[in-house]
Amino acid sequence: MTASKIVAAAASGVGGAGLDVNEVFSTFLYDGNHVGNSIENGINLGNDTEERVLLNLSGDTLTDTGPNTLTVSNNSVAVNTSTKKYGTGSLRFNGSATATVTDASLTLGTSDFTIEFWLYLDSLSLKGILNIGNPSDHTDYSIGMYVDANGGITSQYRNTPNNMGAFSTGTATTNMSATTWHHVAIVRHNNTLSAYLDGSVIGTDDITGTTVGWNQLELGTHWGTSGGDDYRFTGYIDDFRLSKKAVYTANFTAPSSAHSTSYTATTGEGGLVWSKVRSNGFSNALIDTERGVNYYLKSNDTTAQDTSRTDLITSFNSNGYTLGSDGGKWYWNRSGEEYVSWTFRKAPKFFDVVTYSGNGSARTISHNLGSAPSMILIKQTNTTRDWVVYHHSLGTTKHLRLNSTSASGNDSSGEYWGGTTPTATQFSLGDYFAVNQNGGTYVAYLFAHNNNDGGFGPDGDQDIIKCGSYTGNSTDARTIDLGFEAQWLLVKRSDGATDWWIVDSMRGLHARQMSGKYLEANTSNAEASQGKFFADSQGFMVDAGDYNTTGETYIYMAIRRGPLAVPEDATKVFDLDINTQAINSSYAPPRTPFPVDMGIYRNRNQSGASTPIFARLQGANYLQTNAVDAEGSGYTTWDQMDGWGISTGSWESSSNYVFYNWKRAPSYFDVVAYSGTGSARTVSHNLGVPPEMIWVKKRDGSQAWQVYHSATGNNQTLQLNTDAAAASSTKFNSTDPTSSVFSLSNASAVNGSGTNYIAYLFATVAGVSKVGSYTGNAGASTINVDCGFSSGARFVLIKESSGTGDWWVFDTVRGLVAGNDAALKLNTTDAESSFDYIDPYSGGFSLQTNSGINTNNATFIFYAIA
């Protein structure tokens, strides 16, 4: 698994109607590195500027006025009230003075950061200004800065102890002057280190691979107190701020006022981050914005909240949160371990966090969920106590324990829930110590249940969370209908002993017959394989067994798969790339800017190479677009935030590949796995519009690919694995697909009884994708196919439908130019060839005369992506 930093769409403002599920919930996978990760999952938990400030020295005092109130050690630094930039004073350095701050949060690792301050030098000479380095060896630093006799700034870094590094320097035209206030900023953004003077960049350097591994900031010198006295500067520093964020990424106007010292716990929406080590047996850990970053709970444990670590999460941000470097606890960021985090944002009709103090008497607690909570998790935080769970399907006379496998307990006297059903503004408590001990402190996590009243999505009419129950019937492929496809499940038997299972689509909520992964909220067990819960386009499926035994009752919480919005940028839902390294367990395919739902992969130059097609729903298996074969056992893994991976083995020995990757999104692309019935029927999908092209393939047997295209109609089909023309067929039941279903006959190629299938659905999105057709004119003239794009097509698939013709693929990474273009065919094993068939055109693509895809009077279908 890869990726410690993935940028998702920023969340919108105050929650309510119109929010996308991706703005309020995230499953995020990352690798621990012991030096801090930015988990940028698109969830607005806190203010991105304030909450990333590690240290703030206003100059009015030598005290950290930032949110962390770090301890500053003073060696002769004075507060001067006569020479200052802002406020009432600045920090005076007299040529021998230094100030140091030593704290684990200053171990910046590979994260972005900004060091900025105002500097006033008494005179110009070679002097050190600051460093972040080793407390026990002051010549050993990661980042440092000095000014030379001409006023030039050098921002220097070292990657390993006592190893001279490279630097970013000033130029003669941008040097600073003595006895003048100058704004200085040193910024790391991605892998570039930049130095700014008065808002203008004066030097940059590539520091890929550099780790800021020390934890002491020293002001007053670059080389430190050991042998560095001659290099301490004389002058003033004012308004010093160190942030774990690239505040400046281009030239800027220097601040005209002091940075704010009014910090709040969170100025974002707030919420909960729930983390679990996947690769080892350590506890589930929960941190929320109401209790703050220094307090975590364990869902599998009765212990009080742990306050022994202060560097597990260092900040809640406007697009996620920042991990600290404390790998001493396995729960968040231990080097070499794999993690999953589930983030729940506070939003009406989805989730809320409430803290309260117990009083020992029946009472009510106010909340801001905006609807009656259907599931509540409560934990006493100041002492050892069970987690108590309310679930609306059990009513107010029963309760469960999140840290236990036990069946629900009775509450007939109202000790837990006061015998009163929660409302849209409050929930009730009895006097039992587990929920309301006098003097106790508590946190409550409240989850909604949408029933056609959720108010999410572009039109504010979608549901995204369901808390329900079902009674087991020992039937395989039992579908629990939610009205939407689930991406996350929490499931527990309520009338008997089972674990609390957590399953999600990022780790493996696959199609039936494909095992995924699960974790347990009530144990510290490592991730394990599961073959009980599966994806369904309208909910989730469960096979007979522990979570579907006749007569047993199970409760669940389910969250909808997103996104709900139609894409506006093709690069957010389609990615293509080439690479020249062999694909095997040590080298993954090229990374993508989004989690992939379907990919096509092709060896470009090897004759006889197949064209594998993978989908997240298929798990590790694959099909071949050029073959009728059943699914093969592949080497793909899908627990990636930025593409897909190879788990074992080697695909092929050569090393010239092209990759096409799709993300599911409304009106654009969808994938549906289903089981055949042998009778004419409809299959539900989540495309949201009628699909204009559908590819169907039997997964567990040899059958040709069946293709529906709107241009050929519902009484004809094409075969992706052949060059044959469209032929009369009723496989799609002579019925046009709708915005919610597509129709199938009883043909074994699409709907044989007891067999499993997968369908890929494509549609037109203005400016993003186009499914269409055209008529060739041979030598008459060039045909400009207008797809409604502004910068041309990146990917084009063309097939003659009225006669024999291959499934041609052209793309910009292999060359879509005015002249010969690299061409592949999905239906053959031919190596890549070169033809002048297609040229660039800003609105889509242009067809050359007398080419294999421009035959006179022939009809062609196409699919293009901007």
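Heads up: the structure comes first, above all this text.
Please read these numbers as outputs of a predicted model, since none were measured by experiment.

### Overview of the overall build of the chain
Right, so step 1: Regarding its fold elements, the chain presents two helices and 64 strands.
Right, so step 2: Relative to the globule expectation of 29 Å for 866 residues, the C-alpha radius of gyration of the chain, 30 Å, shows essentially globular dimensions.
Right, so step 3: For the chain, the C-alpha atoms occupy an extent of roughly 90 × 80 × 45 Å along the three principal directions.
Right, so step 4: Counting only residues that meet the buried cut, the chain has 61% of its 866 residues in that class.
Right, so step 5: Within the chain, residue pairs in contact and separated by at least 24 positions form 67% of the contacts whose partners lie at least 6 positions apart.
Right, so step 6: Counting 54 positive and 78 negative side-chain charges, the chain places the averaged centre of each group 4 Å from the other.

### Quick look at the sheet that holds strand E50 (residues 693-698)
Strands in a sheet are paired, the pairing made by backbone hydrogen bonds, and the direction either parallel or antiparallel.
Right, so step 1: Taken in spatial order, the four strands line up as E48-E55-E50-E51 in an open sheet, and their pairing is antiparallel. Unpaired on one side and paired on the other, strand E48 (669-675) and strand E51 (706-709) mark the two borders of the sheet. Pairwise comparison of adjacent strand axes, ignoring direction, gives a mean angle of 15° for this sheet.
Right, so step 2: The pairing of E50 with strand E55 (residues 756-762) spans six bridges and is antiparallel. The residue of E55 that forms the bridge with Val-696 is Ala-759.

### Description of the pairing of strand E41 (residues 598-603)
Right, so step 1: Where burial is concerned, most of E41 is hidden: six out of the six residues are buried.
Right, so step 2: Side-chain alternation along E41 places Met-598, Ile-600 and Arg-602 on one buried face and Gly-599, Tyr-601 and Asn-603 on a second face that is also buried.
Right, so step 3: As judged from the three bridges shared by E41 and strand E42 (residues 612-615), these two strands associate in the antiparallel manner. Across the sheet, the residue bridging to Met-598 is Ala-615, located in E42.
Right, so step 4: Two elements, E41 and strand E47 (residues 657-662), share six bridges in a ladder whose sense is antiparallel. Each residue of the ladder has a partner; that of Met-598, found in E47, is Trp-662.

### Considerations on unusual backbone geometry
The bulk of non-glycine residues show a negative phi, and the bulk of peptide bonds are trans.
Right, so step 1: For the bond running from Gly-562 to Pro-563, omega is 0°, close enough to zero to count as cis.
Right, so step 2: Structurally, Pro-563 is set in the loop between strand E39 (553-560) and strand E40 (574-579).
Right, so step 3: Residues other than glycine seldom take positive phi values, yet Thr-179 does so here, at roughly 50°.
Right, so step 4: Considering the arrangement of structural elements, one finds Thr-179 in the loop between strand E12 (167-169) and strand E13 (182-189).
Right, so step 5: Given the relative accessible area of 49%, Thr-179 is considered partly exposed.
Right, so step 6: Its identity as a non-glycine residue notwithstanding, Asp-239 has a phi of 50°, on the positive side.
Right, so step 7: Looking at where Asp-239 falls in the secondary structure, it is placed in strand E17 (residues 234-243).
Right, so step 8: Asp-239 sits in the buried class, given a relative accessible area of 2%.

### Considerations on the environment of Ile-783
Right, so step 1: On the secondary structure map, Ile-783 appears in strand E57 (residues 783-786).
Right, so step 2: For the pair Ile-783 and Cys-467, spaced 316 residues apart in sequence, the C-alpha to C-alpha distance is 54 Å.
Right, so step 3: Apart from residues lying up to four places away in sequence, Ile-783 is in contact with Thr-775, Gly-776, Asn-777, Phe-845, Ser-846, Leu-847 and Asn-854.

### Brief notes about the sheet that holds strand E62 (residues 838-841)
Right, so step 1: The three strands lie next to each other as E57-E63-E62, forming an open sheet whose pairing is antiparallel. In this open sheet, the two strands that pair with only one neighbour each are E57 and E62. Across the sheet, the mean angle from the axis of one strand to that of its neighbour is 30°, orientation sign disregarded.

### Quick word on the pairing of strand E35 (residues 516-520)
Right, so step 1: Extensive coverage of E35 is indicated by the burial of four of its five residues.
Right, so step 2: Where strand E34 (residues 501-504) meets E35, two bridges bridge the pair, whose relative direction is antiparallel. Residue pairing in the sheet places Trp-501 in a bridge with Glu-520 of E35.
Right, so step 3: Looking at chain direction, E35 and strand E36 (residues 528-530) are connected through three bridges and run antiparallel. Bridge pairing links Lys-517 to Ser-529 in E36.

### Things to note about the nonpolar core
Right, so step 1: One finds Trp-332, Phe-344, Phe-350, Met-375, Ile-378, Tyr-445 and Phe-447 to be the most contacted residues of the largest nonpolar core, which totals 80 residues.
Right, so step 2: Setting aside anything within four residues of it in sequence, one finds Trp-332 in contact with Tyr-30, Val-273, Ser-275, Ala-285, Leu-286, Ile-287, Leu-312, Ile-313, Leu-323 and Tyr-339.
Right, so step 3: Core analysis: the next-biggest nonpolar cluster, separate from the first, contains 64 residues, Ile-783, Cys-787, Val-796 and Trp-808 among them.

### Let's talk about the pattern of salt bridges
Right, so step 1: Taken as a whole, this structure holds 30 salt bridges when the rule is applied.
Right, so step 2: Between Asp-288 and Arg-291 there is a salt bridge, with the nearest N and O atoms lying 2.6 Å from each other. Just as Asp-288 is buried, Arg-291 falls in that class too.
Right, so step 3: Between Glu-527 and Arg-507 there is a salt bridge, and its shortest N-O distance comes to 2.8 Å. Of this pair, Glu-527 sits in the loop between E35 and E36 while Arg-507 sits in the loop between E34 and E35; the two residues are 20 residues apart in sequence, bridging distant segments of the chain. The same class applies to Glu-527 as to Arg-507, namely buried.

Calculation criteria
Residues numbered from 1 in each chain as written. Predicted model: local features only at pLDDT ≥ 70, side-chain atom pairs only at ≥ 80, totals over all residues. Heavy atoms only, no water. Helix = DSSP H or I, 4+ residues; strand = E, 2+ residues; numbered from the N terminus. Rg over C-alpha atoms; globule rule 2.2 N^0.38 Å. Buried < 20%, exposed > 50% of the residue type's maximum accessible area, 1.4 Å probe, protein only. Contact = heavy atoms within 4.5 Å. Lys, Arg positive; Asp, Glu negative; His and termini not counted. Charge placed at Lys NZ, Arg CZ, Asp CG, Glu CD. Pairing = 2+ DSSP bridges. Axes fitted to C-alpha atoms, helices over the stretch in contact; angles between N-to-C directions. Core = buried A, V, L, I, M, F, W, Y, C linked by side-chain atoms within 4.5 Å. Salt bridge = Lys/Arg side-chain N within 4 Å of Asp/Glu carboxyl O.

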